[in-house]
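Working through the structure, step by step
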Amino acid sequence: MQDIRQKFTAILEKVEKSVFDAFLLQYINMPVIDEDKLLILISIMDRLDLPYNELENFTLSTMLIQIALDTHEHITNDVESERGRQLTVLAGDYFSGLYYKLLADSEDIMMIKSLSNGIKEVNEHKISVYHHESEGIEKLMASIKIIESALLAKLSEYFKVDFWNEFIENLFFFKRLLHEKRRFVQEEGTVLFEALKKIIYPINETKLNDLTKDQQRQLLKIVDHYLELSKVVIEKGILQLPYLNNFLEKRINNLLNQHQPFAKTFVEEG
């Protein structure tokens with residue numbers, strides 16, 4: 001019987017072989033594989049007594065659609081040339097096609113329906129966030145949670161282990177906030193902080209980087225507040241979830257340790 005690390009390594013290798021297309025990589029950024037989501041998927045299904053080929057198929061197909069969604073998101077964030085945008089769209093569609101083929105081969109119609117509902121939720125909330133349609137900070141943060149966790153939540157609901165969902169939502173919300181905060185501090189583009197600025201300073205057309213230090217600090221404090229709230233839920237989950245393996249727990253603790261509350265870095269410099 002393979003342990004979690006062996007399953008993780010084997011399935012990660014299959015995911016990489018599926019998405020690292022030599023031609024596409026000449027024109028688009030390296031597809032992002034969220035290894036923490038992969039490990040969560042494996043950890044959830046490892047306790048379900050599924051045959052290994054089913055565990056592998058469900059995990060691989062879910063990761064492919066997650067990568068497709070993430071790849072399409074990079075069109076807005078990072079791709080500059082028209083050719084690059086077109087190829088990034090095609091790459092996302094290509095990964096989606098691989099996902100549908102895998103699930104079609106499994107003939108699991110209900111699984112396809114569950115993940116399709118997750119895809120629909122993710123896309124609806126991405127539109128809300130990118131077009132600054134969120135009515136208040138709470139709704140914005142709720143949308144980010146759904147964007148980051150809907151696929152995994154639908155899968156856990158499908159397998160009737162949705163006691164994982166609060167933990168999953170907060171873990172990947174926490175991880176996304178860390179990522180957005182890091183980009184903000186480094187003066188890179190950040191969808192979350194742009195949306196926050198629109199809510200907090202609705203009539204201020206100033207670019208993020210040109211906000212006053214006090215205004216920047218205020219945005220950071222809001223994000224730090226939500227990081228702290230999620231951290232409490234995650235730490236509680238580590239103690240209470242019955243099937244949390246040591247490999248996963250170690251990765252989660254490493255992620256939690258990356259958070260430094262109420263950052264003072266760039267706002268006290270320059």
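Residues numbered from 1 in each chain as written. Predicted model: local features only at pLDDT ≥ 70, side-chain atom pairs only at ≥ 80, totals over all residues. Heavy atoms only, no water.

1. Some thoughts on the overall build of the protein chain
- For the protein chain, the helix and strand inventory stands at ten helices and zero strands.
- Across the protein chain, helices and strands are ordered from the amino to the carboxyl terminus as α-α-α-α-α-α-α-α-α-α.
- Taking all 270 residues of the protein chain together, 49% fall into the buried category.
- Residue pairs in contact within the protein chain that sit at least 24 positions apart in sequence constitute 71% of those at least 6 positions apart.
- Of the roughly 13700 Å² of accessible surface on the protein chain, a fraction of 50% belongs to carbon and sulfur atoms. (Helix = DSSP H or I, 4+ residues; strand = E, 2+ residues; numbered from the N terminus. Buried < 20%, exposed > 50% of the residue type's maximum accessible area, 1.4 Å probe, protein only. Contact = heavy atoms within 4.5 Å. Areas by Shrake-Rupley, 256 points an atom, 1.4 Å probe, with all protein chains shown as cover.)

2. Here we look at helix 6 (residues 137–158)
- Between the first and last C-alpha of helix 6 there are 30 Å, a value that for 22 residues agrees with the 32 Å anticipated at 1.5 Å per step.
- Immediately downstream of helix 6, the backbone of Lys160 shows phi near 60°, a positive value. (Expected span 1.5 Å × (residues − 1).)

3. A few points about the nonpolar core
- Residues Ile40, Trp164, Phe167 and Ile252 are the most contacted members of the largest nonpolar core, which totals 71 residues.
- Setting aside anything within four residues of it in sequence, one finds Ile252 in contact with Phe167, Leu171, Ile234, Ile238 and Leu244. (Core = buried A, V, L, I, M, F, W, Y, C linked by side-chain atoms within 4.5 Å.)

4. Topic: the side chain of Asn165
- Inspection of the secondary structure puts Asn165 in helix 7 (residues 165–185).
- Judged by its relative accessible area of 10%, Asn165 falls in the buried class.

5. Side note on the packing of helix 7 against helix 9 (residues 213–240)
- Interaxial distance between helix 7 and helix 9 falls to 9 Å at its minimum, and their mutual angle equals 150°. Relative to helix 9, the element helix 7 is oriented roughly antiparallel. Crossing hand, helix 7 versus helix 9: left-handed. (Axes fitted to C-alpha atoms, helices over the stretch in contact; angles between N-to-C directions. Parallel < 35°, antiparallel > 145°, perpendicular 65-115°, else oblique. Left-handed = near helix turned anticlockwise from the far one by under 90°.)

6. Details of the confidence of the model for the protein chain
- Per-residue confidence for the protein chain averages 83 on the pLDDT scale, and 80% of its residues sit at or above 70.
- When the elements of the protein chain are averaged for pLDDT, helix 4 (residues 82–106) gives the smallest value, 57, and helix 7 the largest, 96.
- A low-confidence stretch, residues 75–79 stays under pLDDT 50, and its non-local contacts, those more than four residues away or across chains, total twelve contacts.
- Taken as a whole, residues 265–270 scores under 50 in pLDDT and shows twelve contacts with residues more than four places along the chain or in a different chain. (pLDDT = per-residue confidence, 0-100.)

7. Things to note about the pattern of salt bridges
- Summed over all chains, the structure comprises 16 salt bridges.
- Put simply, Glu56 and Lys14 hold a salt bridge, and the shortest N to O gap is 3.2 Å. Of this pair, Glu56 sits in helix 3 (residues 52–77) while Lys14 sits in helix 1 (residues 4–19), and the two are 42 residues apart along the sequence.
- By relative accessible area, which is 38% here, Lys14 ends up partly exposed.
- With a closest N to O distance of 2.6 Å, Asp224 and Lys181 form a salt bridge. Residue Asp224 is located in helix 9, and its partner Lys181 is located in helix 7; the two are separated by 43 residues in the primary sequence. For the residue pair Asp224 and Lys181, the accessibility class agrees, reading buried in each case.
- Residues joined in a network through salt bridges with shared partners are Asp34, Glu35, Asp36, Lys175 and Arg251. (Salt bridge = Lys/Arg side-chain N within 4 Å of Asp/Glu carboxyl O.)

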